Amino acid sequence: MLHREVPSFPSGGAREAGVVPYPEDVVANYRAAGYWNGRTLPAELKAAALKHADRTALVTAEVTLSYRDLYASAEGFAAGLAETTGLRPGDAVMFQMGNVVETVVSYLGSLMAGIRPVCTLPQHGVREISVLARHVGARGLIFQADFGRGRLPVHARELLAEGVVDDVIVARGSVFDSAVAYTDLLRIGMSVDPADLPYRTLDPGQVAVFQLSGGTTGLPKVAPRLHEEYAYNASAWAGKLGWGPGTVALYPLPIMHNAGISVALQPALLSGATLVLAPSASIDTLLDLIKATRPDVIPLVPPALAVRLLEEPRSRGTDMSSIKDFIVGGQKLAMEITERLRDVLGIQVRQKFGMAEGMFLVTPRDASEQLRHHTVGAPLSPADEIRILQPDTDIEVADGEIGELCVRGPYTIRGYFRAEQHNAEAFTAEGFYRTGDLARRHVIDGVTCYSIDGRIKDVINRGVEKIHADEVEELIMRHPDVANVALVAMPDKVLGERGCAYLVLEPGTQPLTVESLSTFLLAQGLAKYKLPERVEPVASLPLSNVGKVAKKELRDDIARKLAEELTSDA
Ligand code: AMP
């Protein structure tokens, strides 16, 4: 086991290799305005825990824990790391954990030990974990042995054997040579005095957590989230939504993802609220938990999950009257779904837009339907700045025109970790992050708000004409027989790409053909070149680890089918 030097932390803003710092005057402004407070994330979390010690912090499928008990375990975990592993402040640890109590304890415990969690998912394979661990320099791994089909212990041994990591912690399973059991680590740590845990002396300008960017191409892109800004992100969200003691937030998605940490775990624990962690995103689990815990808020529902909720007959018999905020985000939400949620289930949707790099937008709770249904609202912080630029330029488009959403602010990173070359393209010279999303600025009811109108990254390039999948999907969703749709590019020898629509049809309806769908879409005013040129009926759309439609899977599927058809024609 390696024992490394404890790095010394210079104070005042990030000064760490691989991290693009916020300029010093910006740091000073954020502090002067009270957005940042010069304290670290674990110090903020611990202060809230002391204030709300007897309240319920966490409910999982297996346990209910008060703030006092949750932090007793987290501090035990932090002390146990130092006693049983070679991990030291400044090190990073890879996570492969599901929605269980051990995940929350080890995430908080790592923060208190000054060790940076890397928010990888249990679905990641050895290759992804190796690449990311090497990229951030992580030397530790914590995994949940009983997750999924039990492949993680095999992976962990491989990662140890290949020297990718030195320290492995096994939660919920048998321990093996060179690894330490979570239960042993906790038992040993809990017998140690937690008075001098490392978090008390960390620099608030340093990296607290490594998040993975939603980007899917190229080298791994890692968002280094710094103590002060990450704590502000969560407290701004809790403040915007009015969370406090008594608030019950139900989270149905994987918690070890930026969304889970920033819209659920950290805002709940900073505000004295209760977090209910669903063990899976199945509709049955969700409905059972709504019934059992009567949540005030479901802070993030991907549109695909909202559709499943609408399709599930049990939903209509479930009392959802406790839910004040049902927040849909992560992907463009079709108007059709918003209206059906309102008409069928009585749910008034709020929309959210967000990303691992920082910036969140949300629609105000009492806003008009025009604002809530057509836009993702306004940014979280008064200090958030948005520019809508012509892609790859610094030229702003006129209000109401589509351009690339570019963002900067007190919780948006200034650069990816160790990615100098990519940062030069992904950020403007003034530090605005080019999101790759297309957006428009509107003023509705006196509120400046934004609509998301496609993604630069999800464009079908048909010859030189571009088709924005979102635009076509939204129109297809208006067809009464369509329950869900994903439009993806299929390879074409002549045009490069053409559009293929994967369709989930309402039960008992006739299959749609390219012709019948085209007639419908032309009647909706869609340009002919944007018509899908193939339809693929499916029972449901595949979802990624975090509940978004896995378009890559669909693109691979159609490419394979086309190749097979070509071979059988030959
Ligand atoms: P991630 O970093 O995985 O959270 O993904 C962030 C990306 O998800 C954004 O850049 C958008 O492309 C997409 N996204 C998030 N929220 C929305 C939304 N409400 N509408 C459309 N796209 C969204």
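Residues numbered from 1 in each chain as written. Predicted model: local features only at pLDDT ≥ 70, side-chain atom pairs only at ≥ 80, totals over all residues. Heavy atoms only, no water.

## Let's talk about the pairing of strand 18 (residues 403-408)
Note the cut-off: A 1.4 Å probe rolled over the protein chains alone gives each residue an accessible area, and that area as a share of the maximum for its type sets the label: buried under 20%, exposed over 50%, partly exposed in between. For helices the rule is a DSSP run of H or I covering at least 4 residues; for strands it is a run of E covering at least 2, with both sets numbered from the N terminus onward. Two strands are counted as paired when DSSP detects at least two bridges linking them.
Burial runs high along strand 18: six of the six residues are buried. Of the strand pairs in this sheet, strand 17 (residues 385-389) and strand 18 are connected by five bridges, and their pairing is antiparallel. Looking at strand 18, one finds that I386 is bridged to V407. Pairing of strand 18 with strand 19 (residues 433-444) involves four bridges; the strand directions are antiparallel. Its bridge partner being in strand 19, G403 is matched across the sheet by A439.

## With respect to unusual backbone geometry
One non-glycine residue with positive phi stands out, namely R172, at about 60°. Along the polypeptide, R172 turns up in the loop between strand 6 (167-171) and strand 7 (179-181).

## Some points on the packing of aromatic side chains
Operational definition: Between 30 and 60 degrees the pair is tilted, below 30 it is stacked and above 60 it is edge-to-face, where a pair is any two Phe, Tyr or Trp rings, Trp via its six-membered ring, whose centres lie within 6.5 Å. By the criterion adopted, a ring carries a charge over it if an Arg CZ or a Lys NZ lies within 6 Å of its centre and within 35 degrees of its normal.
Applying the stated criterion across every chain yields a total of 14 aromatic pairs. Centroid distance F143 to F176: 6.5 Å. Interplanar angle 25°. Geometry classified as stacked. Of this pair, F143 sits in strand 5 (residues 140-144) while F176 sits in the loop between strand 6 and strand 7, and the two are 33 residues apart along the sequence. With a relative accessible area of 0%, F143 lands in the buried category. Under the relative-accessibility criterion, F176 is labelled buried at 9%. Chaining the aromatic ring pairs together yields one cluster made of Y22, Y30, Y35, W36, Y232, W237, F360 and Y411. Between the NZ or CZ atom of K352 and the centre of the ring of F360, over which it lies, the distance is 4.0 Å.

## Side note on the site of the ligand
Convention followed: The near set for a molecule or strand comprises every residue that places at least one heavy atom within 4 Å of it. Pairs of N or O atoms within 3.5 Å make up the polar contacts considered here, provided that, within protein, one atom can donate a hydrogen while the other can accept it, and that residues adjacent in sequence are counted only when both atoms are side-chain atoms. In this count, Pro and Cys sit with the nonpolar residues alongside Ala, Val, Leu, Ile, Met, Phe, Trp and Tyr, while Asp, Glu, Lys and Arg are called charged and the others, Gly among them, polar.
Residues in contact with the ligand amount to 17 residues; listed here are only the nearest, G330, K352, A356, D437 and K548. D437 is positioned such that a nitrogen or oxygen atom in its side chain is 2.5 Å from an oxygen atom of the ligand. K548 has a polar side-chain atom sitting 3.1 Å from an oxygen atom of the ligand. Sorting the residues of the shell around the ligand by element identifies strand 14 (349-355) and strand 20 (447-455) as the ones contributing at least two each. For the shell around the ligand, the element with the most residues is strand 14, which contributes four residues. Of the residues assigned to the shell around the ligand, the class counts are five nonpolar, six polar and six charged.

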